[in-house]
Structures are given as structure tokens and as C-alpha cells.
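Below, each chain spelled out in residue letters.
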Amino acid sequence: MEITEFDSHTQIPGTTLFDGKMAMKGYALNKMCFSFNAAEAREEYLADPEAYHDKFKLNEEQKQACRDKNVLALIAAGGNIYYLAKFAGIYKLGVQDIGAQQTGMSVEAFKEKLMRQGD
Amino acid sequence: MAKIIGGITTSHIPAVGNAIANESFVDPYWKPFFDGYPPIREWLHDQKPDIVINIYNDHGLGFFLDQMPTFAIGAAHEYINEDEGWGIPKLDPFPGAPELSWHIIEGMVADEFDITSCQELAVDHGFTVPMQLFWPGAPHNPEMPRAIPISANTVQHPIPTLKRALNFGKALGKAIRSYPEDIKVVVLGTGGMSHQLDGERAGHINREFDEMCMEKIVTAPEELTKISRHELVRQAGTQGTEFLMWMMMRGALSEKVTPLHKNYHIPISNTGAGTMLLECID
Ligand SMILES: [Fe+2]
């Protein structure tokens, strides 16, 4: 078994494996995002995001990534995409919106890219 | 004795739940996907299984990172569905089959698979979308069997190996077949196929790899166990690891199976969507 299998900084370009290292780093952020399963939590967040960040003890990197709604920065700060999807949902951003943002494409161009892979 | 009549695979993309709610079945985007389901529904209508084992992966509804089971088996009288964060109307509870659940848990732990038993489990789209696809109107379709959800961790590495997933399925199959009641059981493997939601590689889909998997899983699932988890991520994308559920399903079936139906379509949402119906040979 190769040791690289346990390294989140893999050689797969544009990919971060969410492993123990990232899980440790992102726990507070992911816990906050997990809370967004509840509609009341989503409302509470939108009413005062900064207070909600503090409630879950986010670090500054995580807070800034949330303020910027920057998915790559959220991932770098330890965010796991399954939980981040709930954060994105608060702002009505779907998986194509966040795909477009991460790849630096327009949403239309990103959808086009998906369609082309079916050819 | 209980009998496993076959296995079915399907992707379980959340957008499908919306498309079902909007009845977008003949919409040009959705038609090639939904066309893959009527032959499977007919087979289910003819076979009328008593129990469905629904192997899926939770996406952050039933489990969080505080306690993350690698393999979890539902042992509840019913399974509730809840808001996953997007405010989609929740479905009514799905009836369970706890006596069989506990039989499976006993059998698998005796077989040295250390699993987590769940007497309460909220099931997400990974479980509900396939139920709705195969039994329209679920959970209120009268032909919908009682369900046992089994969830494997693909949220956080280390995830199980493909070999472990296949062997899990074999132990599951053995446990089911040793149940003394004459019931018919169908096993679902849901999720996949290739897709990646996160990172600069978001939007990655791999038709060639998916098609290879769909072929090998019928005739030579053991060969697929040679794929490392790292390689699975490279080929199928970070969320393409959901293919593990297909391996678990396959392990529970007879060694030889008859592939009765197959459909593959790119893209549904960000995903290569694959559907298969494999009938067990006695
Ligand atoms: Fe999934």
C-alpha cells in the first residue's frame, strides 16, 4: 500500500481528498454547515452571519471564505463539499453554480462542459 | 428461506428528486435518464419483492463527522426523511423491517464485519431518490417493499476499499439467505457514477471508466477490487467513490447474474448516470 494514499495533497490536479487532516482543520466550519439542515439555522445565519460564525468558533480563514462565498477557499479551510453544499444552498447556489465558480467559468460554459462529456 | 432475486443500481442525484416533483419525465434534458426506468419497474411489478435493501451513502443528514460509521445498518421500524438544507418538502417515513435488520446484523458481526446498528436514522436523497424512481409515489406506492437502509462512508477518507465493499456484500448476501422466512429480497446499490463537485477539477466525468465498471460488475467484479481508492478518485472523481455501493450490492448477488437492463447517460446534473438490473441465477 502506498503512503501517498493517505496524503490529501494528492497528485490529482484540482482535487483535495477530505481525509483526517482536512477533517481536523475544518471541523468547526463543517459543523456549522451541518447545522444548516435546519431551516431555523439557515434563517439565523442570514440574519447575522458573523454572530453565527462565532457561535461555531470559526477561525478567521474560515470566516473570510464564508464572507466571500469562495468555495475553493472554503475547501482549503477544511470544508467538505457535502456540508459546503448546504452553505451554498443558503445563497441558492446549486452544484453547477459552485462548479462554475471553482473552475472560473460562467455557469453556462460549465453546463456546456458537462454536456460535451456526453458526446 | 429468504431469497435474493436481484440487484439494481442507479445514480441518486438530488436534482432527480426535483425533476420527479416537477414531472419532467419527457423534458428533453431528462427523457434519456427517465427512459432507463420503466423496464426495471415492470420487473419489480412482476417480482413483487417483500424487502428492499437500499445501499446508499449518507451525504450529511443521518451522520456528521462527530461520529462517522464506515458501515451502518438501519434497524428501525421506519426511516424518516428530513430537510437536507435546501428546503425541499420532506417525504413521509419509509417502513422498515427491523427483524431482518437484526438478523443481518447478527450474521454480519458473526462474520467479522463490525458494523454500526441504527435504531433511528434519517435517510437523505441517496436513499429516497432511488425509492421514488423504482416505486413512483414512494413511500405511498402500495407495491413498495419494506426497506432496510445500509450506508457506507464516502464523505471522509479513509473510505472502504473496493475489495472490502464487495466482501461486505458477500457477507450481507449470506446473512440474508440464512433468514428463515420465505421472502423475496431485492438489493439496491445507489450513487455514482463518475462525478466531482469540489475543486478546480469540478465537473469531471469519465464515460470510459463508467462503462468499464458497468461491464465488469456483471461478469468479473473481483477484477474491480484491484482498483485502489486513490485510483478510483482519479478516474471517477471525488464523489465517484459512491461506486462502492454498487460493489456492496454486487457482492450480495449470486456469483453469476443475468443483466436484464442497462442505461447510461451524461450528464444529469454534474454526473454520469448509470442504471442496471441484474437478476440472480439460482
Ligand atoms: Fe451521492
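Residues numbered from 1 in each chain as written. Chains lettered and ligands numbered in written order. Predicted model: local features only at pLDDT ≥ 70, side-chain atom pairs only at ≥ 80, totals over all residues. Heavy atoms only, no water.

Caption draft 1: Region of the structure containing the overall build of chain B. In terms of regular secondary structure, chain B is built from ten helices and eleven strands. Computed over C-alpha atoms, the radius of gyration of chain B comes to 17 Å, within 12% of the 19 Å expected from 2.2 N^0.38 for 282 residues, which places it in the range of a compact globule. Relative to all contacts within chain B whose residues are 6 or more apart in sequence, the contacts with residues 24 or more apart total 82%. As displayed, chain B has an accessible area near 10,400 Å², and 50% of this comes from carbon and sulfur atoms. The average position of the 21 basic charges and that of the 36 acidic charges among the side chains of chain B differ by 8 Å. (Helix = DSSP H or I, 4+ residues; strand = E, 2+ residues; numbered from the N terminus. Rg over C-alpha atoms; globule rule 2.2 N^0.38 Å. Contact = heavy atoms within 4.5 Å. Areas by Shrake-Rupley, 256 points an atom, 1.4 Å probe, with all protein chains shown as cover. Lys, Arg positive; Asp, Glu negative; His and termini not counted. Charge placed at Lys NZ, Arg CZ, Asp CG, Glu CD.)

Caption draft 2: Molecular detail of the packing of helix α1 (residues 20-35) of chain A against helix α4 (residues 60-68) of chain A. Residues and elements named next belong to chain A. In the contact formed by α1 and α4, the axes pass within 10 Å of each other and the chain directions differ by 40°. On the basis of their axis angle, the class for α1 and α4 is oblique. Seen along the crossing, α1 lies across α4 with a hand that is right-handed. Along its contact with α1, which presents Lys 25, Gly 26, Ala 28, Leu 29 and Met 32, the element α4 presents Glu 61, Gln 62 and Cys 66. Class assignment for the residues of the contact of α1 with α4 results in four nonpolar, two polar and two charged. (Axes fitted to C-alpha atoms, helices over the stretch in contact; angles between N-to-C directions. Parallel < 35°, antiparallel > 145°, perpendicular 65-115°, else oblique. Left-handed = near helix turned anticlockwise from the far one by under 90°. Nonpolar A, V, L, I, M, F, W, Y, C, P; charged D, E, K, R; others polar.)

Caption draft 3: Seen up close, the nonpolar core. With 68 residues, the main nonpolar core has Met32(A), Val16(B) and Met131(B) as its most contacted residues. A total of seven residues in this core trace back to one element, the largest contributor, which is helix α6 (residues 81-90) of chain A. By size, the runner-up hydrophobic cluster in this structure holds 61 residues, among which are Ala75(B), Val218(B), Leu232(B) and Ala252(B). (Core = buried A, V, L, I, M, F, W, Y, C linked by side-chain atoms within 4.5 Å. Buried < 20%, exposed > 50% of the residue type's maximum accessible area, 1.4 Å probe, protein only.)

Caption draft 4: Focus on the coordination of the iron ion. All names here are of chain B. For the iron ion, every protein donor is listed as His 12 (NE2), His 59 (NE2), Glu 242 (OE) and Glu 242 (OE), and the spread of their distances is 2.0 to 2.8 Å. Of note, the iron ion draws all its donor residues from one chain, in the sequence arrangement H-x46-H-x182-E. One end of the pair, His 59, is in the loop between β2 (51-56) and β3 (71-74); the other, Glu 242, is in the loop between α9 (229-236) and α10 (243-252), with 183 residues separating them in the sequence. Overall, His 59 belongs to the buried group, its relative accessible area being 6%. (Donors = N, O, S within 2.8 Å, 3.2 Å for Na, K, Ca; no water.)

Caption draft 5: Structural view of the sheet that holds strand β4 (residues 78-81) of chain B. All names here are of chain B. Across the sheet, which stays open at both edges, the three strands sit in the order β5-β4-β7 with mixed pairing between neighbours. Strands at the two margins of the open sheet, each flanked by one partner only, are β5 (94-95) and β7 (122-123). Pairing of β4 with β5 involves two bridges; the strand directions are antiparallel. The residue bridging Glu 78 from the neighbouring strand is Pro 95, located in β5. (Pairing = 2+ DSSP bridges.)

Caption draft 6: Up close: the pairing of strand β11 (residues 271-280) of chain B. Within β11(B), nine of the ten residues are buried, which leaves the element mostly enclosed by the surrounding structure. The hairpin turn running from strand β10 (residues 257-268) of chain B into β11(B), its antiparallel successor, is two residues long, and Ser269(B) in that turn takes a positive phi close to 55°.

Caption draft 7: Looking closely at the side chain of Asn37(A). For Asn37(A), the position within the fold is in the loop between α1 and α2 (39-47). Classification of Asn37(A) as buried rests on a relative accessible area of 11%. Contact partners of Asn37(A), with chain neighbours within four places excluded, come to Arg42(A), Lys86(A), Gly60(B), Leu61(B), Asp83(B), Glu84(B) and Gly85(B).

Caption draft 8: Region of the structure containing α4(A). All names here are of chain A. Those residues of α4 lying buried are Gln 62, Lys 63, Ala 65 and Cys 66. Projected onto a plane normal to the axis of α4, the buried residues spread over an arc of 165° and lie on a single side. One side-chain oxygen at the N-terminal end of α4 lies 3.2 Å from the backbone nitrogen of Glu 61; it belongs to Asn 59. Lys 69 occupies a position one or two residues after α4 and carries a positive phi of about 50°. (Arc of directions from axis to C-beta. Polar contact = N/O pair within 3.5 Å; in protein donor to acceptor, adjacent residues only side chain to side chain.)

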